[in-house]
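Spelled out from the first residue to the last, the chains are:
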Amino acid sequence: MQSQERTIQAPVPNLETKAFWDAAAQGKLMIGKCNACGKLHYYPRVRCPFCFSDRTELQQASGSGTIYTYSVMRRTPIPYAIAYVTLAEGPTMMTNIVDCDLDRIRIGQAVRLVFKPSDGGPPVPMFTPV
Amino acid sequence: MSIKGKANIVGIFEHPTRKADDKSLFQLHAECAAGALADAGLTKNDIDGYFCAAGDTPGLGALSMVDYLGLKLRHWDSTDTGGSSYLLQVEHAAEAIASGKCSIALITLAGRPRTEGVATGTAPRTAAVQSAETAFENPYAPATANMYAMCAMRHMYQYGTTSEQLAWVKVAASHHAQYNPHAMLRDVVTVEDVVNSPMIADPLHRLDCCVISDGGGAIIVARPEVAKSLKRPLVKIIGAGEAPKHQMGGAIDLTYSGAVWSGPAAFAEAGVKPADIKYASIYDSFTITVVMQIEDLGFCEKGQGGRFVSDGNLISGTGKLPFNTDGGGLCNNHPSNRGGLTKVVEAVRQLRGEAHPRVQVPNCDLALAHGTGGSLGTRHGSATVIMERE
């Protein structure tokens, strides 16, 4: 079954996440980087969830990753694939797998970043099979 | 300080309704409280501690509920960890009793999701208030079913778990539910019935999912001296543990639950091992929920849960680990989309020898009740309670 476009709930940026969503509007996926412990995290936040330092910044992700797990929701008017994708940089993020045959999605599959428009908010990072 | 032996469960009640279109939410809470008081042989004014989950008691925390019930309290707590809240509240009540903050604690749960027509499993989450993660999750339409489905998908990939193995969880629950006149689903089902039921969210079928029911329940926890003054079998709390599990900054691993922490804490406090447990109530929002928690609690090795639950191993009378002998959330009842309270209730029935004769575990003197609330696919609160018959 080929995936279809669906209405995407708009993310609501706040003071802390505005930079992330401004970057998304420019087609960039940002992840959190801690300059104290060196670890990367997702979703990005001001204080590192590992060492609790506030010496964090946003780093652009390459946009490539692999599918950690997924599920195709069959009982909604438009079926869709939710997934967790492990980014090449390390962190794993919730996302959708789009622009593909929903029945051919597999764990371990290589995917690349695409952005999809949301319903009245900034575009949302999603992934499609390479 | 340990809670071991410091508090007893003296009253239990599971509301018989599964569709409460003629009752208010508050009335349901009160009926459950009255039921547990009658079971214990106590009256409302004996209660000096009240515990509930903020999410199913509208108002500021427990405040409106306490007002409605007319309670005079020395101690209260409305911590909400979703469906596991009531297991956590048993622990918190025991802690409060052990430290002298109250003597007789009431825990209530009620809800009407069936009457209100909530598509609990498949409706994408919406947020009235934005949590820290909301913007990073809700655009992807996480529902309940597809989040647990992602756990199942990964478990299958990593450990070779099959849909047929998951189906055995439902089969066992249905074997028990046939003897429960209040159960929503009383028909015995087969592995084939489960795997041939409609796909909801790959790889979970309709019969891998729990019921949506109205109703509720209540538990009364009291000092051992109070328990001994009542004319009921003695069930004491000997160990408990709780733990949250979350997304760990993106170091996500969906193959295990917070039971890896709450379980060992409870076993250590109780001084018993998984192999000693005669009966287990295991939260069964979905079949995969049971498989993961059984592994995490140490009833089998990690990754072996699918094999462990197969071939009727969870069926009372034939299996090694009789579970959810009321039919559980999969067949009996999942009031307010929160299954933790009924898990304690059936464990107490087993310890008292008051389960249905066809599912009563012989000489059941040690039982465990365990649950997770929230979602195994994102973040959840895990809670484990171990109880002993005196």
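For the structure, check the block above.
All of these numbers come straight from a predicted model, not from anything done at the bench. (Residues numbered from 1 in each chain as written. Chains lettered and ligands numbered in written order. Predicted model: local features only at pLDDT ≥ 70, side-chain atom pairs only at ≥ 80, totals over all residues.)

Moving on, we get to the interface of chain A and chain B. On the chain B side, the residues contacting the 33 residues of chain A number 26 residues. Those elements that provide at least two residues to the side of chain A that touches chain B are strand E4 (64-73), strand E5 (80-87) and strand E6 (92-97) of chain A. With six residues, the top contributor of residues to the side of chain A that touches chain B is E4(A). A class-by-class count of the residues in the side of chain A that touches chain B yields 20 nonpolar, 11 polar and two charged. (Contact = placed C-beta atoms within 7 Å. Helix = DSSP H or I, 4+ residues; strand = E, 2+ residues; numbered from the N terminus. Nonpolar A, V, L, I, M, F, W, Y, C, P; charged D, E, K, R; others polar.)

All names here are of chain B. An ideal rise of 1.5 Å per residue puts 18 Å on 13 residues; helix H13 (residues 340-352) measures up with 19 Å between its terminal C-alpha atoms. Here H13 lies mainly inside the structure; 12 of its 13 residues are buried. All of the buried residues in H13 are Gly 340, Leu 341, Thr 342, Lys 343, Val 344, Val 345, Glu 346, Ala 347, Val 348, Arg 349, Gln 350 and Leu 351. Just beyond H13, the residue with positive phi is Gly 353, at close to 80°. (Expected span 1.5 Å × (residues − 1). Buried ≥ 20, exposed ≤ 12 C-beta atoms within 10 Å, placed from the backbone.)

Here we come to the packing of helix H3 (residues 85-98) of chain B against H13(B). Residue and element names in this part refer to chain B. It is the contact of H3 with H13, at a shortest axis distance of 6 Å, that shows an interaxial angle of 60°. Our classification of the angle between H3 and H13 gives oblique. Residues Ser 85, Tyr 86, Leu 87 and Val 90 of H3 lie in contact with H13, whose contacting residues are Gly 340, Leu 341, Lys 343 and Val 344. Of the residues contributing to the contact of H3 with H13, the split by class is five nonpolar, two polar and one charged. (Axes fitted to C-alpha atoms, helices over the stretch in contact; angles between N-to-C directions. Parallel < 35°, antiparallel > 145°, perpendicular 65-115°, else oblique.)

For the rest of this paragraph, the subject is the environment of Gln350(B). Residue and element names in this part refer to chain B. Inspection of the secondary structure assignment puts Gln 350 in helix H13. Accessibility expressed as a C-beta count within 10 Å gives 29 for Gln 350, which makes it buried. Linking Gln 350 and Tyr 50, residues 300 residues apart in sequence, is a C-alpha distance of 25 Å. With near-sequence residues (within four places) excluded, Gln 350 lies in contact with Tyr 279, Thr 325, Ala 355, Gln 360, Val 361, Cys 364 and Ala 367.

Right, let's talk about the packing of helix H5 (residues 145-159) of chain B against helix H10 (residues 287-296) of chain B for a bit. Residue and element names in this part refer to chain B. Put simply, H5 and H10 touch, their axes get as near as 9 Å, and they point 55° apart. Taken together, the axes of H5 and H10 lie oblique to each other. Taken as a pair, H5 and H10 cross one another with a handedness that is left-handed. Here Tyr 148, Cys 151, Ala 152 and His 155 of H5 come into contact with H10, specifically with Ile 288, Thr 289 and Met 292. (Left-handed = near helix turned anticlockwise from the far one by under 90°.)

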